[in-house]
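Observations on the model geometry
Take a look at the letters that make up each chain.
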Amino acid sequence: MLDKLILFPYYLTLKTRHWLYNKGIIYKTHPCNVPTICIGNVTAGGTGKTPHTEMVLKTLLDNDDWAYKNIAVLSRGHKRKSRGFQQVTFDGSAWFLGDEPLQIKKNFPVATVAVDRNRVEGCDFLLHPEKLGTSRHGKSCRDKELPPSDLIVLDDAFQYRALRTYFNIVLVDYNRPVYKDRLLPLGHLRDLPERIEVADIIIVTKCPAYLEDWEKAGLAKSLGIRNFSLDACTGENRSGRRQTILFTAIRYQELKPVYECGDSRYIYSKKLILFSGIAKDTPMRRFLSDNYKIVKRFSFADHHKYNSMDIRKIAAAARENPTAVVVTTEKDSQRLLDYKKMPEWLQKRLFMIPIAVDFIDEREKGIFNSSLMSALKAFPYGE
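Presented here is an overview of the structure given in this document.

Procedures and definitions
Residues numbered from 1 in each chain as written. Predicted model: local features only at pLDDT ≥ 70, side-chain atom pairs only at ≥ 80, totals over all residues. Heavy atoms only, no water. Helix = DSSP H or I, 4+ residues; strand = E, 2+ residues; numbered from the N terminus. Expected span 1.5 Å × (residues − 1). Buried < 20%, exposed > 50% of the residue type's maximum accessible area, 1.4 Å probe, protein only. Polar contact = N/O pair within 3.5 Å; in protein donor to acceptor, adjacent residues only side chain to side chain. Pairing = 2+ DSSP bridges. Arc of directions from axis to C-beta. Contact = heavy atoms within 4.5 Å. Phe/Tyr/Trp six-rings, centres within 6.5 Å; stacked < 30°, edge-to-face > 60°. Lys NZ or Arg CZ within 6 Å of the ring centre and 35° of its normal. Disulfide = S-S within 2.5 Å. Axes fitted to C-alpha atoms, helices over the stretch in contact; angles between N-to-C directions. Parallel < 35°, antiparallel > 145°, perpendicular 65-115°, else oblique. Left-handed = near helix turned anticlockwise from the far one by under 90°. Nonpolar A, V, L, I, M, F, W, Y, C, P; charged D, E, K, R; others polar. Salt bridge = Lys/Arg side-chain N within 4 Å of Asp/Glu carboxyl O.

1. Focus: helix α11 (residues 362-377)
- In this model α11 runs 22 Å from its N-terminal to its C-terminal C-alpha over 16 residues, within 8% of the 22 Å that 1.5 Å per residue would give.
- Listing the buried residues of α11 in full gives Glu364, Ile367, Phe368, Leu372, Met373, Ala375 and Leu376.
- Between the side-chain oxygen of the N-cap and the backbone nitrogen of Arg363 there are 3.1 Å, and the N-cap of α11 in question is Asp361.

2. Here's the deal with the sheet that holds strand β13 (residues 293-299)
- One open sheet accounts for 5 strands, arranged β11-β15-β14-β12-β13; its pairing is mixed. Whereas interior strands pair on both sides, the edge strands pair on one side only; in this sheet they are β11 (256-257) and β13.
- Pairing analysis gives 4 bridges linking strand β14 (residues 325-329) to strand β15 (residues 350-353), with the strands arranged parallel. Each residue of the ladder has a partner; that of Val326, found in β15, is Leu350.

3. Some points on helix α8 (residues 308-320)
- Taking 1.5 Å of rise per residue, the 13 residues of α8 would be expected to cover 18 Å, and the 18 Å separating its terminal C-alpha atoms lies within 8% of that figure.
- Restricting attention to buried positions, one finds in α8 the residues Asp310, Ile311, Ile314, Ala315, Ala317 and Ala318. Mapping the buried residues of α8 onto a view down its axis gives an arc of 160°, with all of them on the same face. In α8, the exposed residues that point more than 90 degrees away from the buried face are Arg312, Arg319 and Glu320.
- On its buried face, α8 is in contact with β12 (271-276), β13, β14, α9 (330-336) and α10 (344-347).
- With a side-chain oxygen lying 3.1 Å from the backbone nitrogen of Met309, the N-terminal cap of α8 falls on Asn307.

4. Observations regarding the packing of aromatic side chains
- Tallied over the full model, the rule gives 10 aromatic pairs.
- In this structure, Lys69 is placed above the aromatic ring of Trp66, and the distance from its NZ or CZ to the ring centre is 4.7 Å.
- Against the face of Phe158 rests Arg195, its NZ or CZ located 4.3 Å from the ring centre.

5. Considering the environment of Gly240
- Looking at the element boundaries, Gly240 is found in the loop between β9 (234-236) and β10 (242-252).
- By relative accessible area, Gly240 is classed as partly exposed at 44%.
- Each C-alpha atom of the pair Gly240 and Thr13 lies 25 Å from the other, and the pair is 227 residues apart in sequence.

6. Focus on the side chain of Lys216
- With respect to the helices, strands and loops of the structure, Lys216 is situated in helix α6 (residues 213-222).
- Within the structure, Lys216 has its side chain in polar contact with the side chain of Asp361 (distance 3.3 Å).
- Beyond its immediate chain neighbours, meaning those up to four positions away, Lys216 contacts Leu211, Phe228, Leu230, Phe247, Ile360, Asp361, Arg363 and Glu364.

7. Things to note about the state of the cysteines
- The tally for this structure, following the rule as stated, stands at 0 disulfides.
- You can see Cys32 has no disulfide; the closest cysteine sulfur is in Cys123, sitting 4.5 Å from it.
- Just so you know, Cys38 is unpaired, no disulfide at all, and the nearest cysteine sulfur is the one on Cys123, 10 Å from it.

8. Quick word on the packing of helix α2 (residues 49-61) against α11
- For the pair α2 and α11, interaxial distance at closest approach is 11 Å and the crossing angle is 70°. For the element pair α2 / α11, the angle class is roughly perpendicular. Read as a crossing pair, α2 and α11 show a hand that is right-handed. Between α2, through Met55, Val56, Thr59 and Leu60, and α11, the contact on the second element is made entirely by Phe368, Asn369, Leu372, Met373 and Leu376.
- Across the contact of α2 with α11, the residue classes tally to 7 nonpolar, 2 polar and no charged.

9. Considerations on the pattern of salt bridges
- All chains considered together, the criterion is met by 19 salt bridges.
- Residue Asp124 is joined to Lys131 by a salt bridge in which the shortest nitrogen-to-oxygen separation is 3.0 Å.
- Judged by relative accessible area, Asp124 falls into the partly exposed class, the value being 29%.
- With a closest N to O distance of 3.1 Å, Asp302 and Lys331 form a salt bridge. Within this pair, whereas Asp302 is found in the loop between β13 and α8, its partner Lys331 is found in helix α9, the two being separated by 29 residues in sequence.
- Several salt bridges converge on common partners, so that one network encompasses Lys216, Asp361, Arg363 and Glu364.

As C-alpha cells, this is what we get:
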C-alpha cells in the first residue's frame, strides 16, 4: 500500500499526459508524411533498442521494395554534447553525436542517421533537408548534405507523444515482465505498463535460445494477452485489440578489434579483462566465461565517458595479465575512440564483442517481415 501511495503522483501525471494527448487537449500530435517505425519500450534501459533498430534496418535493406530508397534513423543521441539536429557521419565522435547513433551509422553506412531531441523537428528536416540552411534550429547542423528520406526509423521515441508514429514496435525484457514491475523510482517502468497495448508488435527480448510453446503462452498471458495463437503469434489484449507477440534472443558475435592495429592473436588467449558502461553486463559475462577466465572486470555507468583514470586502471590490469585479451562492448568502443591518448600497446589488445538479435525461430521472423511490409504498403500517402 505504501508503494502505491509513493508512486501515485507519477502514475497520475503519466495517466493525465496520455489522456490529454489522446483527446488532443492542450497537447497536439503531429503526423509524418512518410512511414515512421518506432522502436521503444516502457522500461528504463536494457531492453535492446539499438540491436533491434539494426535488425529493422537490415530487414528493410534486404527487401526489394525498400533496399534502394532513402532510409533514415532518428535518435535523441543520449548524453551527446551537441545541440539540435545533427547528421551522424562515419568519422564523427560519440562525444558529439552519441555512442548508439554512431554505432548504427558505422554498421549501416548507406542509411542516413541523425539525432534530434525534438523528433517532430528532426523528421521535418529529414523530409526537407533544404530547411537546414534556412531554419534557425537547423543552422547549427554541421553536415547539411543528406537526401530527403522515404522512411524514418525512430530509435526510442515511444514516449515522444508529440509525433504520431505509424508503426510501433515495443520491446519487453524477458526477465522483467512489465505487469510485475513498478514505476520509477521503486521499479524500472518509465511509462504505464498498459501502454504496450498500442503497439503493433510486442517483442519479448533477451529470451533463452529456445522456448517451449507453453512458455510463450505464459509470457503472452503475463502481458495481458488472451487466446494467444502459437501459429499466428497473435492474441487479444485487455482492450480487445489483436496484437502480435514475438520472441528474440541475443546472439554474441566474434570479437573484433577496436583499433586497426588490433592483434588477432589475443583472441585465442585463455584470460580476459572485461570492462563496460552498460545497464547490465551479466549476459555478456556469462557468454564470455564459457571460453575465457575473466581475471578482471570493470563496470561503469551507462554511456560512461572514459577518462585518463579509467584507462590507467584498465592498463594496470592488462600489465598484470600480459597475455589477456581486453574486451568491451561495441557501444563502449565508440566512446573509447574519443579518447586520443590510448597507448598503442593497449590498442593492440582491445577488442569489442558485437551483438545481434534473432527471432527464436524462422517462422517468427517471417511473421515479423510480413507484418512490417504489409503495414508499409498500406501507408496512407497524401491523406
